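The chain contents come next:
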Amino acid sequence: MTTFVDRVVLHLQAGDGGHGCVSVHREKFKPFGGPDGGNGGHGGSVSLVVDPQVHTLLDFHFRPHVKAENGKGGAGSNRDGGNGRDLVIKVPNGTVVQTTDGTVLADLVGVGTTIEVARGGRGGRGNASLANARRKAPGFAELGEPGDRLDVVLELKSVADVGLVGFPSAGKSSLISVLSAAKPKIADYPFTTLVPNLGVVRVDNHTFTVADVPGLIPGAATGKGLGLEFLRHIERCAVLVHVIDTATLEPGRDPVADIDAIEAELAEYGGLGDRPRLVALNKIDVPDGRDLADIVRPDLDARGLQVFEVSAATREGLKELTYAMAELVEQFRAATPVEEPTRIVIRPRAVDDAGFTIEAQADGSFTVRGDRPERWVRQTMFDNDEAVGYLADRLARLGVEDQLKKAGAEPGDLVRIGDREFDWQPTLYAGEEFVPGNRGTDRRLEEQPTRQSAAERLAARKARRQRPADEAEPTGDPDGEPTPDDDGE
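Residues numbered from 1 in each chain as written. Predicted model: local features only at pLDDT ≥ 70, side-chain atom pairs only at ≥ 80, totals over all residues. Heavy atoms only, no water.

Glancing now at helix α5 (residues 255–269). A rise of 1.5 Å per residue sets the reference length of α5, with its 15 residues, at 21 Å; its end C-alpha atoms lie 21 Å apart and thus fit the reference within 8%. Buried residues in α5 make contact with β9 (162–165), β12 (239–245), β13 (277–282) and α6 (287–302). Put simply, Asp254 is the residue that caps the front of α5, since its side-chain oxygen is 3.0 Å from the backbone nitrogen of Val256. (Helix = DSSP H or I, 4+ residues; strand = E, 2+ residues; numbered from the N terminus. Expected span 1.5 Å × (residues − 1). Contact = heavy atoms within 4.5 Å. Polar contact = N/O pair within 3.5 Å; in protein donor to acceptor, adjacent residues only side chain to side chain.)

Next comes the structure, spelled out in C-alpha cells:
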C-alpha cells in the first residue's frame, strides 16, 4: 500500500551551549598564575532546507523527534569547547512551516530555500574571559544557554501549475499518465488514487507540471472522503481542469452536476475563485460518453468555460487540451511578478529602547522581560555568590534597578526574570564600585547577623548602668558656693 504523508508535527530541540570553565593557571613557582578557564561551545541549530530529491514527509512521520548536538564545555589552559554541529533537515518543495496554533513561520518554495527554526544555545564564558581590572581572578564562569525547544507543524502543498480535479474514477490518473511520464496507479474502482501525483508536461518550448488530486466528493471541504487531506495541494495551481466522466453509470450523475458539486467544494475551501478553469469531458471513446458530451457542451459553453472532449484511452483531443493548459500557464507566469532575492534589512535599535520591559503584576510582584536579562539569568551560577553579584551589577548597569524604582517597586518585593524569582534589595546592588573579596564570594550578599554577640550584650549592659555626667547629684549649693562638711571646714 502506498504511504503518503503531507502533514507532520516535529519536536525540535536545538543543542545546549557548553558551560564555561573555572580554572587558575598553576605551575612550579607560580601557584596562582591567573585565570585560564576556557569558554563553552555553542549548541547546534536546527534548519530546514528544500531538497528536490525529497517528495514526502514520510520520514518525519516515523521519526518526529529531532535534536541537534550540544556544545562542549570549556577546559583549563584557555581551551574552548567545540561547537555542536548544526542539523539540516531536508524537506520537499512547497513545505509550509507553522506553529501548533497555526501561525505560519515560513513557506519553503524553491530549491535551496532555508530557514533556521531552532537556534542553538550560546556557550558560557570561562573565568579567563570574565576577568577585568577589578575582578582579576573570577571564581565563577557562565553556564551554557539552553537551546530552543519547540514543536512545529510541517504541511506539504504540492507545487504544480495545473491541477486536475474531479470525482473518483473520472480518469484523472489515466489522463496524467498519457500527458506526462508519471505512472500512477490506475484501476476501475473509486479512490484508486490515495496520494497526489505530479507529472511534467512539455509542449513545444513550454514546460509545466500537472497534479492529479485524489477524487473529490460532496462534503470534501468539511472532511468527507479524501478531499480535506488533499485540497491543499491545489492551492498553488495556476489552472484548474475539471475532468468529467461522461460514461458514468451512477444515478443522478451528469457533467453539469459534477462541475457544480466540485465548484461548491472549492468555494467552501476558499482561495481558489480566481483560478482559470478548463473542462475536459473524458471517456468520449465510449459511445454513450460521446453522445452525453455533445449534449452538455452547449450548456458549458454558455457558462464561458473552455470545453475539450478528450479520451485518455485513444488520446483524442489531448493535444488541444495540452496547448490550452500551456497557454493559461504562460499567461499566469507573465502576470506574476518576478521574485526578487530576499533583501537583508538592518533595523537598528531605537534610541529610547532600553532592551527590556517591566510589568507590574496584580499580586504586587514585577516581571522583567528582555533578551539580555533573561539570558544573563539563564547563564548565572546561583550557587556562587560572586556570580550572583556579577549578575546584579550587570542588571544595575542595564538600568533594571532604576526602572524598578520608577515602576513603584519597594525593597522586598518579588521580581521575576525568566524562570527565576528574587526578593528585590536595591541597597545591595546599586552598581557601586567595589573590590571583590575572596574568589566565589561577594561581601554584599553576606547576611548580617541578627543576634548580638556576648561582647556586644556586655557593652550594652555597661552603657545602661553608667549614668551620664549631667544626671549626677550636685556637690555645692544652688549659688555655686561649696557646702561645708560636718567638721565645719
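Now that the structure has been shown, we can carry on.
Right, let's get into the pattern of salt bridges. In a structure, side chains of opposite charge can pair up when their charged atoms sit close to one another. Within the structure shown, the criterion is met by 21 salt bridges. For the salt bridge of Arg378 with Glu145, the shortest nitrogen-to-oxygen distance reads 2.6 Å. Of this pair, Arg378 sits in helix α8 (residues 371–378) while Glu145 sits in the loop between α2 (127–130) and β8 (149–156), and the two are 233 residues apart along the sequence. Judged by relative accessible area, which is 34%, Arg378 ranks as partly exposed. Look at Glu145 and you get buried, because its relative accessible area is 6%. Among the salt bridges present, the one from Glu359 reaches Arg369, with a minimum N-O distance of 3.1 Å. Note that Glu359 is positioned in strand β15 (residues 357–360) and Arg369 in strand β16 (residues 366–369), a separation of 10 residues in sequence. For Glu359, a relative accessible area of 33% puts it in the partly exposed group. Taken together, the shared-partner salt bridges in this structure form one network comprising Glu69, Lys72 and Arg85. (Salt bridge = Lys/Arg side-chain N within 4 Å of Asp/Glu carboxyl O. Buried < 20%, exposed > 50% of the residue type's maximum accessible area, 1.4 Å probe, protein only.)

The subject of this paragraph is the sheet that holds strand β5 (residues 95–99). Here five strands make up an open sheet; going across it, the order is β3-β1-β8-β5-β6 and the pairing mixed. Either end of the sheet is taken by a strand with one partner, and the two such strands are β3 (65–67) and β6 (104–108). Adjacent strand axes in the sheet meet at a mean angle of 25°, parallel and antiparallel pairs treated alike. Pairing geometry for β5 and β6, over four bridges, is antiparallel. When the sheet's bridge partners are listed, Thr95 is paired in β6 with Leu108. (Pairing = 2+ DSSP bridges. Axes fitted to C-alpha atoms, helices over the stretch in contact; angles between N-to-C directions.)

Further remarks concern the pairing of β15. The pairing of β15 with β16 spans four bridges and is antiparallel. Opposite Thr357, over in β16, you have Arg369 as the bridge partner. Following β15, the chain reverses through five residues before pairing antiparallel with β16; Gly364 in that reversal takes a positive phi of roughly 90°.

In this section: helix α7 (residues 318–335). Between its first and last C-alpha, α7 extends 26 Å over 18 residues, near the 26 Å set by a 1.5 Å rise per residue. Taken residue by residue, α7 has Leu318, Leu321, Thr322, Ala324, Met325, Ala326, Leu328 and Val329 as its buried positions.

What follows covers the nonpolar core. Core analysis: the biggest nonpolar cluster contains 26 residues, and Val162, Phe208, Val241 and Leu278 have the highest contact counts within it. Contributing elements (two or more residues each) for this core: β9, α3 (172–179), β10 (197–203), β11 (206–212), β12, β13 and α7. The element best represented in this core is α7, accounting for seven residues. By size, the runner-up hydrophobic cluster in this structure holds 22 residues, among which are Val8, Val91, Ile115 and Leu154. (Core = buried A, V, L, I, M, F, W, Y, C linked by side-chain atoms within 4.5 Å.)

Counted by the stated rule, this structure contains two aromatic pairs. For the ring pair Phe382 and Phe422, a centre distance of 5.9 Å and an interplane angle of 40° mean the geometry is tilted. Placement of Phe382 in the loop between α8 and α9 (385–398) and of Phe422 in strand β18 (residues 420–423) is noted, with a sequence separation of 40 residues between them. Judged by its relative accessible area of 23%, Phe422 is partly exposed. (Phe/Tyr/Trp six-rings, centres within 6.5 Å; stacked < 30°, edge-to-face > 60°.)

It is worth spelling out the packing of α3 against α7 at this point. Axis separation between α3 and α7 bottoms out at 12 Å; the angle between their running directions is 85°. Considering their axes alone, α3 and α7 lie roughly perpendicular with respect to each other. In contact with Leu175, Val178 and Leu179 of α3, α7 contributes Leu318, Leu321, Thr322 and Met325. Across the contact of α3 with α7, the residue classes tally to six nonpolar, one polar and no charged. (Parallel < 35°, antiparallel > 145°, perpendicular 65-115°, else oblique. Nonpolar A, V, L, I, M, F, W, Y, C, P; charged D, E, K, R; others polar.)

The six strands are arranged β10-β11-β9-β12-β13-β14 in an open sheet whose pairing can be described as mixed. The open sheet has two free edges, formed respectively by β10 and β14 (306–309), since each of these has just one partner strand. The mean inter-strand angle of the sheet, taken between neighbouring strand axes irrespective of direction, is 25°. Where β12 lies against β13, six bridges are found, and the strand directions are parallel. Bridge assignment links His242 to a residue of β13, and that residue is Val279. Relative to β12, α5 is tilted by about 140°, and along the sheet it contacts β9, β12 and β13.

So, about the packing of α5 against α6. The contact between α5 and α6 brings their axes to 9 Å, and the two run at 50°. The angle between α5 and α6 places the two elements in the oblique class. Residues Pro255, Val256 and Ile259 of α5 form the contact with α6, whose own contacting residues are Leu292, Val296 and Leu300.

Structurally, Thr380 is set in the loop between α8 and α9. A distance of 2.6 Å separates a polar side-chain atom of Thr380 from the backbone oxygen of Trp376. Non-local contacts of Thr380, meaning those with residues more than four positions away in its chain, are made with Leu143, Ala387, Val388 and Leu391.

Right, let's get into unusual backbone geometry. Of note in the backbone geometry, Asp204 takes a positive phi value of approximately 55° without being a glycine. Its location among the elements puts Asp204 in the loop between β10 and β11. One non-glycine residue, Lys283, lies in the positive phi region at around 70°. With respect to the helices and strands, Lys283 occurs in the loop between β13 and α6. With a relative accessible area of 26%, Lys283 lands in the partly exposed category.

All quantities given are derived from atomic positions and should not be read as evidence of function.
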